[in-house]
Structure formats: structure tokens, C-alpha cells
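Chain by chain, the residues:
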Amino acid sequence: MNTENIVIVLDHPDKSTNVGAVCRAMANNDIKTLRIVGDKEHYDVETVHVLAIHAAYIFDKAEFFDSITEATADCVMSAGTTRRRGQKRKGKLLFPEEFAEKAGEITGDKKSEGGKVAIVFGNERSGLSDEQLFECTMGVTIPTSDDFGSLNLSHAVQILCYHMFRENHKSQNGYTPLTLGRLDQTVNTIADDLQKIGFFKVTGRPDMENFWRSILSRAALSEGEAQYLEKVFNKAAGLVGKNSEENN
């Protein structure tokens, strides 16, 4: 996904504080294009800047429009966010992760142009009306509690933007799990150390290796974790050997 092709549209947001918080949520996720349906004069720039912190530039570059249709005219797809369902509310509503996948297909990546995708958010108090949602091409919903389903505007923006960000980085893990080839080195180290301390006879080693290989593969160890585990067994074997020599 190319997050530069993601457009956040706010339809008549009430509070300058919320607009500022939205800018910050967008910046957290590398999304920088903000469009607002309404008049710029309605918002206090200083208040927006205070809540946006270092993302104030997003508001400063924001464009203002008279309708959702105008704000999304150059987009390939526009998704209205809503928690209410109904005949006039786009029928099937996608979850954020489902929408992110579709948006990723359209926006392309940084090596290709792709098309723009808009995510439209309604007013803090009333959300998007049936008429406003009709101006969008599809609907997106964020699952929330039946007892208290309303989300703060900036929180809703943060959730959708985060899913766009994750789609853009879905090939990246928090760490790189070990391959089985590398894992076998750790298993061999464990087996060698256990054998040194007389934990099992040579004939029992294959079963022990299969046991550790099965468990550690499910754990999806990182390189650092594997090295730490190897050090633990090496040190344990070393201490047993040292104590044995002292006793003799």
C-alpha cells in the first residue's frame, strides 16, 4: 500500500481539538492528506496546533470542500465509516482489516502511481447521515461494545489509519523468526550439552532432538532468544563439568 494515496475526509467536525488530534493520529501512521467538508474559519488554528503537536502541518495543508462528493472526486474509492447498519447504509460493511486489503490493491506502492482512496468520517455527535453515506462508494465499521459503541473521532481515525499502516508494512514482523536450519544449530547445542552432563545415553539423543525441535519451532524464536538459550545450556554444562572436576 502507498499511504500517500490515502485521503482522510472529515465531514463538518465540531471541535478544533478533535481536528488536531486527528492530525496527530494520521502522522502516527504516515498518512498526510486531510480534507475537511466545511469552512476553515470555523476552526481555531492555535487549538488545532496544540493538539496536533508536530503534526500541525497536516492541518495547515488541509483542503476544504462543500461536500463529500467534491472532496472525493479524484479518488477511486471512498469509504464512509459508520457503526449503524441498515438498508440505506451500504448493506455489507467491511471491517478495517478487510477494507485495508482492498485499499492496498488500489493505492499501489511507492514504485507505482496507484489511485487515491478516501476514508470519510462524520461529525462527532451524529456521525454520517444516510445522505452523507450515500455519497461514499462503500461502508466501513469498527466493532465496538453494544453497551458503549461510540468512538471519539480521533480514535476512529487512529484505528483506520493504523490498519492502512499495517497493510503497508504487513511483510514486516516485530522480529524475524529463525529458520529450521538455524534452529537445528540450537537443538544440536542443547543435545550436546545434555550429553556432556550424562543426561541421556547416545541412543536417546534423536528423540530428545526431535522433542526440542518441535517445541522450539512452535515458539518461533528470534536470533537473540536462540543465542540466550544456547548460553544457558552451555553454562549449565560447564558448571556440571567444573563441579565434577572439583569433586574428583
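Going by the structure above, here's the rest.
We now turn to the structure provided with this report.

What counts as what
- Residues numbered from 1 in each chain as written.
- Predicted model: local features only at pLDDT ≥ 70, side-chain atom pairs only at ≥ 80, totals over all residues.
- Heavy atoms only, no water.
- Helix = DSSP H or I, 4+ residues; strand = E, 2+ residues; numbered from the N terminus.
- Rg over C-alpha atoms; globule rule 2.2 N^0.38 Å.
- Contact = heavy atoms within 4.5 Å.
- Areas by Shrake-Rupley, 256 points an atom, 1.4 Å probe, with all protein chains shown as cover.
- Pairing = 2+ DSSP bridges.
- Axes fitted to C-alpha atoms, helices over the stretch in contact; angles between N-to-C directions.
- Parallel < 35°, antiparallel > 145°, perpendicular 65-115°, else oblique.
- Left-handed = near helix turned anticlockwise from the far one by under 90°.
- Nonpolar A, V, L, I, M, F, W, Y, C, P; charged D, E, K, R; others polar.
- Disulfide = S-S within 2.5 Å.
- Expected span 1.5 Å × (residues − 1).
- Buried < 20%, exposed > 50% of the residue type's maximum accessible area, 1.4 Å probe, protein only.
- Core = buried A, V, L, I, M, F, W, Y, C linked by side-chain atoms within 4.5 Å.
- Salt bridge = Lys/Arg side-chain N within 4 Å of Asp/Glu carboxyl O.

## Notes on the overall build of the protein chain
Consideration 1: Each helix and strand in the protein chain was counted, giving ten helices and seven strands.
Consideration 2: The C-alpha atoms of the protein chain give a radius of gyration of 27 Å, which is well past the 18 Å a tight globule of 248 residues would have.
Consideration 3: Taken over the C-alpha atoms alone, the protein chain extends approximately 90 × 45 × 40 Å along its principal axes.
Consideration 4: Contacts spanning at least 24 positions in sequence make up 81% of the contacts within the protein chain whose residues lie at least 6 apart.
Consideration 5: Total accessible area computed for the protein chain in this model is approximately 14,300 Å², and 50% of it derives from carbon and sulfur atoms.

## A short note on the sheet that holds strand 6 (residues 116–121)
Consideration 1: Taking strand neighbours across the sheet as the criterion, the seven strands line up as 3-2-1-6-4-7-5 in an open arrangement whose pairing is parallel. Lying at the two open borders of the sheet, with one neighbouring strand each, are strand 3 (63–65) and strand 5 (93–94).
Consideration 2: As paired strands, strand 2 (residues 33–37) and strand 3 are joined by three bridges and run parallel to one another. Across the sheet, the residue bridging to Arg35 is Glu63, located in strand 3.
Consideration 3: Where helix 7 (residues 153–168) meets the sheet, its contacts fall on strand 1 (6–11), strand 4 (75–81), strand 6 and strand 7 (138–140), and the angle it forms with strand 6 comes to roughly 155°.

## Topic: the packing of helix 1 (residues 16–28) against helix 2 (residues 45–52)
Consideration 1: At their nearest, the axes of helix 1 and helix 2 sit 7 Å apart, and the two run at 40° to each other. Classified by the angle between their axes, helix 1 and helix 2 sit oblique to one another. Here the hand of the crossing between helix 1 and helix 2 comes out right-handed. Along its contact with helix 1, which presents Ser16, Thr17, Val19, Gly20, Ala21, Cys23 and Arg24, the element helix 2 presents Thr47, Val48, Leu51 and Ala52.
Consideration 2: Across the contact of helix 1 with helix 2, the residue classes tally to six nonpolar, four polar and one charged.

## Thoughts on the state of the cysteines
Consideration 1: Counted by the stated rule, this structure contains zero disulfides.
Consideration 2: We note that Cys23 lacks a disulfide partner, and the nearest cysteine sulfur, in Cys161, lies 11 Å from it.
Consideration 3: With no disulfide of its own, Cys136 lies closest to Cys75 among cysteine sulfurs, the gap being 10 Å.

## Description of helix 8 (residues 180–196)
Consideration 1: Look at helix 8: 24 Å from first C-alpha to last across 17 residues, which is about the 24 Å you get at 1.5 Å a residue.
Consideration 2: Those residues of helix 8 not exposed but buried are Arg182, Leu183, Thr186, Val187, Thr189, Ile190, Ala191, Asp193 and Leu194.
Consideration 3: Just downstream of helix 8, Gly198 is the residue with a positive phi angle, here 75°.

## Observations concerning the packing of helix 8 against helix 9 (residues 205–219)
Consideration 1: Orientation of helix 8 relative to helix 9, taken along the N-to-C sense of each, is 135°, at an axis distance of 9 Å. It follows that helix 8 is oblique to helix 9 by the angle criterion. Helix 9 is crossed by helix 8, and the crossing has right-handed handedness. Only Arg205, Met208, Glu209, Trp212, Arg213, Leu216 and Ser217 of helix 9 make contact with helix 8, whose side of the interface consists of Leu180, Leu183, Asp184, Thr186, Val187, Asn188, Ile190, Ala191, Asp192, Leu194 and Gln195.

## A look at the nonpolar core
Consideration 1: Formed by 38 residues in total, the largest nonpolar core has its most connected members in Ile8, Leu10, Phe99, Val157 and Met164.
Consideration 2: The leading source of residues in this core is helix 7, at six residues.

## Let's talk about the pattern of salt bridges
Consideration 1: Evaluation of the coordinates by the stated rule reveals nine salt bridges.
Consideration 2: For Arg35, the salt bridge identified is with Glu63, shortest N-O distance 3.7 Å. Placement of Arg35 in strand 2 and of Glu63 in strand 3 is noted, with a sequence separation of 28 residues between them.
Consideration 3: If you follow the salt bridges from partner to partner, you end up with Arg35, Glu63 and Asp74 in one network.

## Observations concerning the pairing of strand 4
Consideration 1: Burial runs high along strand 4: six of the seven residues are buried.
Consideration 2: Summarising the sheet, strand 4 and strand 6 pair through five bridges and their orientation is parallel. Residue pairing in the sheet places Ala79 in a bridge with Ile119 of strand 6.
Consideration 3: Across three bridges, strand 4 lies against strand 7 in parallel orientation. From the neighbouring strand, Thr81 faces strand 7, where its bridge partner is Val140.

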